[in-house]
Amino acid sequence: FVSTAFGNMAQAQESSMSPEEQQEKWLDEATAVVKQQSFLMKRALDNTNLKDALKYSSNMLCELRTGLLTPKNYYELYMLVMDELRHLEQYFYEEWKKGRRMVELYELVQHAGNIVPRLYLLTTVGSVYIKSKEAPARDILKDLVEMCRGVQHPMRGLFLRNYLLQLARDKLPDIGSEYGEDVKDSIDFLMQNFTEMNKLWVRMQHQGPVRDRDKREKERLDLRILVGMNLVRLSQLDGVDAETYKQAVLPRVMEQVMNCKDQIAQQYLMECLIQVFPDEFHLRTLEQILNTCTQLQAGVDIKSILISLMDRLASFAKATPDAVPENINIFDIFHGYVAKVTKQATMDMTGLLGLQVALLNFALNFAPDRLDYVDNILGVCAETLGAQGSARVEDPACTKVLVQLLCIPMESYKNVLTILNLSHYPDLIKYLTYASRKQVAVTTVRSIHRHGTQLNTVEQVDALFSFIGPLVKDQADQPDEEDIDMEDFEEEQNLVASLVHYMSNDDTDLLFKMYSTARKHFGTGGARRIKRTLVPLVFRSLQLASRIRALEEKGSEPSYGSQPLLGKFCLETVTALGSNDPNMALRLFLQCAQQANNCGYETITYEFFTQAFILYEDEISDSKMQMDLIGVFVGVLGSMTNLTEENYDPLITKTTQYAAKLLKKPDQCRAIYRCSHLFWNTEARYTDAKRVLDCLQRSLKIADVCMQASMHVNLFVEILNQYLYYFDHNNDKVTIKYLQGLINLINENIDNMDPGDDADSVQAHYANTKAYMAAKMKEDPERYALTL
């Protein structure tokens, strides 16, 4: 009664445990038994009591008969037992060294009561039996592998046969082996062990209730390496060359793969086969492997198997091209097989395109100079997508693979121009959504930047800008304007705009045509794009004008792109910017005018100034911007050296009129005294002392009416500096009386300024000016007869 009560309590406790806790409990119990029995075994061995040692070792090995543990926990117990069995193996070895015949021990251990302990002990003795060479290794291995059939429980049988494989791995007949040189014996042993282990592994799937199917699949995956170890050891045999592999190994492995009819087993064994055997073996048996792939179960991921195989062979062909037989066209074999799989339509579109990606990678590594291989693959992809009847690929996974397919050649060839020669590339891009087409376009432009690809012909420029259409112009399927990320948009347009810097040609005529082609494409981009894309095009055109002028000065014939035609091109390009970004357009007109002046083209220079003035009058209304632009006008006009007085005078007069019409009086004052320098332009050999004085006097008059004391005193000091400049440069209209009168005016008003930073700044400026005048008075007292 008491015993029954304790038993019921134990069962109740067990039932309340989680599965993980139960596993831990069972493993701890088994581990405790193993440690106890191994201790007793080693003590018996120390006392040379073999009978007791075998009894305790048998008790220890009985723990491996359990069916309660998961593969992970069973493996932990198995490794513990293996460590203890080494002591027993060492004892058998020492017994043999003392003269004991191993056949006696081989027969003795077979008296163990249970088959699992019996076979582990038999294998342990068998290892030393082979070492003793009392019998051929071939016979012992054959006997052991046959005897292991006695354990048909999947997990127990797998670990038992793994133990056999581990002990036999260094005792297999092979070339140069002391245990025999007939490698066929080793192949037979390993193949038989592999076949039996695979059967046990597959059988695991069909044991237990259907509801535990997922659990069993996970357990099977945990154990797959035990089966694969046989193939690993086969690949390590020196006697297995390419021919032996083709005739004696591969057919038997493939037979087992096909006969098992199990998805998990077929997937793993094919992947294992590809990974463990040398690449040159696969080259000689490629068609056999691919034919087997066509007969695998429906759930097998053929794509991953093929990708693995192609990647390996591609790397091998790239590293050792001489090792590839000339009579084997690997690409054609793979291409034919992939086409066959595509027609069978057993995969979804993502899988089919993934196969083509693998084939593309293979082609680029195997034969990078064969552009026709790449184009052929792209053509097949376009045809496959066309067959599905959809205008766009909407599936995100499929889109990702398609973008990868398009970007791989770009990264491989490192030259976008090579991609432009692929006839099927555009056919494939049209299936992408707007976002994906734009992604490919951005990758293209970045590739040009990264590799410094030069565009040397009109055709290349035209093809490139057509190719990156999603960046160059609006698309029918692009998102609404309010949904566009402007930061990304600006970055993309800056990338596109910079492409003009990669256009180069020694022939200026061709280069001008390339710029014209780019201008045609940029013009379709709309207002948002041309603000960024046309500016660098203008500057490159101005550089071209300098090149053309230099060639003409050397005596070359006038170029197609010279003078009026190039000027007209720049004029039209900048005009297109006028309504979208008038400030930038106006500055570009002045830049063009400056370049035209440097090249000696007076008529074109005048026309650019005219357009700049028109734009100023029509589009510039902001007073601050007007003030800034007056300064730019003065600076550019002051650098003109090739304008006649007839053309120069109207331009500087108009600029002065603009200055006089500014909204704020201080701005008027400063702008007009700046314009005075246009009438004293020694660079242009144009000086008009009277008009200089008129500008200064008008500035002084405007400064005098400014209401704030600090402002008009500040302006007085600035105007005094202008008077000093002209007096120093011998303007005969600017006399000493004007300087003295202005000094007196400043002295009268400077003390009336309100204290503060502004007053301090003006006083410091005036003090520096007086210091300058004092120095001049010291140098030339007669000329600078001033009272400070």
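Residues numbered from 1 in each chain as written. Predicted model: local features only at pLDDT ≥ 70, side-chain atom pairs only at ≥ 80, totals over all residues. Heavy atoms only, no water.

K.L.:
So what's going on with a negative patch on the surface? Residues and values would help.
P.N.:
Residues E20, E21, E24, D28 and E76 make up a contiguous surface patch of negative charge. Here E76 falls in the partly exposed class, since its relative accessible area comes to 48%. (Patch = residues over 30% accessible without salt bridge, like charges linked within 9 Å, V, L, I, M, F, W, Y side chains within 5 Å. Areas by Shrake-Rupley, 256 points an atom, 1.4 Å probe, with all protein chains shown as cover. Salt bridge = Lys/Arg side-chain N within 4 Å of Asp/Glu carboxyl O. Lys, Arg positive; Asp, Glu negative; His and termini not counted. Charge placed at Lys NZ, Arg CZ, Asp CG, Glu CD. Buried < 20%, exposed > 50% of the residue type's maximum accessible area, 1.4 Å probe, protein only.)

K.L.:
Which residues make up the pattern of salt bridges, and what are the values?
P.N.:
Throughout the structure, instances matching the rule amount to 34 salt bridges. K568 is the partner of E572 in a salt bridge, and the nearest nitrogen-oxygen pair spans 4.0 Å. Taken together, the residues span about one helical turn, with E572 and K568 both in helix 28 (residues 563-578) at a distance of 4 residues. The partner of R670 in a salt bridge is E718, and the shortest N-O contact between them spans 3.0 Å. Note that R670 is positioned in helix 33 (residues 665-675) and E718 in helix 35 (residues 709-728), a separation of 48 residues in sequence. Owing to a relative accessible area of 13%, E718 belongs among the buried residues under this scheme. Here the salt bridges do not stand alone but share partners, grouping E95, K98 and R100 into one network. (Helix = DSSP H or I, 4+ residues; strand = E, 2+ residues; numbered from the N terminus.)

K.L.:
With reference to specific residues and values, describe the packing of aromatic side chains.
P.N.:
Evaluated as defined, the whole model comprises 29 aromatic pairs. Ring geometry for Y75 and F159: centres 6.3 Å apart, planes at 40°, overall tilted. Separated by 84 residues along the polypeptide, Y75 in helix 4 (residues 71-97) and F159 in helix 8 (residues 154-168) bring together distant segments of the chain. On the accessibility criterion, Y75 (42% relative accessible area) is partly exposed. For F159, a relative accessible area of 1% puts it in the buried group. Measuring from centroid to centroid gives 6.4 Å for F589 and F608, while their planes differ by 45°, and the two rings are tilted. Note that F589 is positioned in helix 29 (residues 582-598) and F608 in helix 30 (residues 602-619), a separation of 19 residues in sequence. The burial state of F589 is the same as that of F608; both residues are buried. An aromatic cluster is built from F609, F613, Y616, F633 and Y658, whose rings are joined through pairwise contacts. Seen from the ring of Y179, K133 lies directly overhead, with NZ or CZ sitting 5.8 Å from the centre. When the ring centre of Y738 is taken as origin, the NZ or CZ atom of K737, which lies over that ring, is 5.2 Å away. (Phe/Tyr/Trp six-rings, centres within 6.5 Å; stacked < 30°, edge-to-face > 60°. Lys NZ or Arg CZ within 6 Å of the ring centre and 35° of its normal.)

K.L.:
Tell me about the packing of helix 8 against helix 10 (residues 213-235), and name the residues and values.
P.N.:
For the pair helix 8 and helix 10, interaxial distance at closest approach is 10 Å and the crossing angle is 30°. Regarding the angle of helix 8 to helix 10, the classification is roughly parallel. As helix 8 packs across helix 10, the resulting crossing turns out to be left-handed. From helix 8, M155, L158, F159, N162, L165 and Q166 reach across to helix 10, where they touch L223, L226, V227, M229, N230 and R233. For the contact of helix 8 with helix 10, the class distribution of residues is 8 nonpolar, 3 polar and 1 charged. (Axes fitted to C-alpha atoms, helices over the stretch in contact; angles between N-to-C directions. Parallel < 35°, antiparallel > 145°, perpendicular 65-115°, else oblique. Left-handed = near helix turned anticlockwise from the far one by under 90°. Contact = heavy atoms within 4.5 Å. Nonpolar A, V, L, I, M, F, W, Y, C, P; charged D, E, K, R; others polar.)

K.L.:
An account of helix 29 is requested, with residue identities and associated values reported.
P.N.:
Over its 17 residues, helix 29 extends 24 Å from the first C-alpha to the last, a length consistent with the 24 Å expected when each residue adds 1.5 Å. What helix 29 keeps buried is the set P582, A585, L586, L588, F589, L590, C592, A593, Q595, A596 and N597. One or two steps after helix 29, the chain reaches G600, where phi turns positive at roughly 85°. (Expected span 1.5 Å × (residues − 1).)

K.L.:
Tell me about the side chain of R528, residues and numbers included.
P.N.:
The topology assignment puts R528 in helix 27 (residues 527-553). The exposure class of R528 is buried, given its relative accessible area of 19%. Every residue in contact with R528, bar those within four places of it in the chain, is listed here: D474, Q478, E481, I484, M486 and F489.

K.L.:
Before we move on, could you go through the state of the cysteines and cite the residues and values that matter?
P.N.:
Scanning all chains against the criterion turns up 0 disulfides. Of all cysteine sulfurs, the one in C695 lies closest to C675, which takes part in no disulfide; the gap is 6.5 Å. Look at C675 and you get buried, because its relative accessible area is 0%. (Disulfide = S-S within 2.5 Å.)

K.L.:
Just give me the short version of the environment of M777, but keep the residues and values in it.
P.N.:
Topologically, M777 is positioned in helix 37 (residues 757-779). Residue M777 is classed as partly exposed on the basis of its relative accessible area, which comes to 22%. Separated by 150 residues in sequence, M777 and M627 place their C-alpha atoms 35 Å apart. Here M777 is in contact with Y784, L786 and L788, once residues within four sequence places are set aside.

K.L.:
Before we move on, could you go through the side chain of N749 and cite the residues and values that matter?
P.N.:
One can find N749 in helix 36 (residues 736-750). Here L745 takes part through its backbone oxygen, which lies 2.7 Å from a polar atom of the side chain of N749. The contacts of N749, once residues within four sequence positions are left out, are H712, V713 and F716. (Polar contact = N/O pair within 3.5 Å; in protein donor to acceptor, adjacent residues only side chain to side chain.)

K.L.:
Quick rundown of unusual backbone geometry? Include the residues and the values.
P.N.:
Positive phi outside glycine occurs at K414, with the angle close to 60°. Counting through the fold element by element, K414 comes out in the loop between helix 19 (396-413) and helix 20 (416-420). Using a relative accessible area of 47% as the deciding quantity, one classes K414 as partly exposed. Of note, N730 is a non-glycine position whose phi angle comes to about 65°, a positive value. Within the secondary structure layout, N730 lies in the loop between helix 35 and helix 36.

K.L.:
Please set out helix 14 (residues 286-293) residue by residue, giving values where relevant.
P.N.:
Considered for burial, the residues of helix 14 that qualify are L286, I289, L290, T292 and C293. Along helix 14, the residues classed as buried sweep out an arc of 160° about the axis, all on the same side. Among the structural elements, helix 11 (242-260), helix 12 (263-276), helix 13 (279-284), helix 15 (302-319) and helix 16 (330-344) are those in contact with the buried residues of helix 14. (Arc of directions from axis to C-beta.)

K.L.:
Go over the packing of helix 29 against helix 30 with me, naming the residues and quoting the values.
P.N.:
At a minimum axis separation of 8 Å, helix 29 and helix 30 run at an interaxial angle of 165°. Relative to helix 30, helix 29 is oriented roughly antiparallel. At the point where helix 29 passes helix 30, the crossing takes the left-handed sense. Two secondary-structure elements touch here, helix 29 through P582, A585, L586, F589, L590, C592, A593, A596 and N597 and helix 30 through I604, T605, F608, F609, Q611, A612, L615, Y616 and E619. Partitioned by chemical class, the residues of the contact of helix 29 with helix 30 number 14 nonpolar, 3 polar and 1 charged.

K.L.:
Summarise the environment of I187; cite the residues concerned and give the values.
P.N.:
Its location among the elements puts I187 in helix 9 (residues 183-203). A relative accessible area of 2% means that I187 is categorised as buried. Beyond its immediate sequence surroundings of up to four residues, I187 is in contact with L234, L237, V240, T244, A248, V249 and R252.

The values reported here are purely geometric and, on their own, carry no functional implication.
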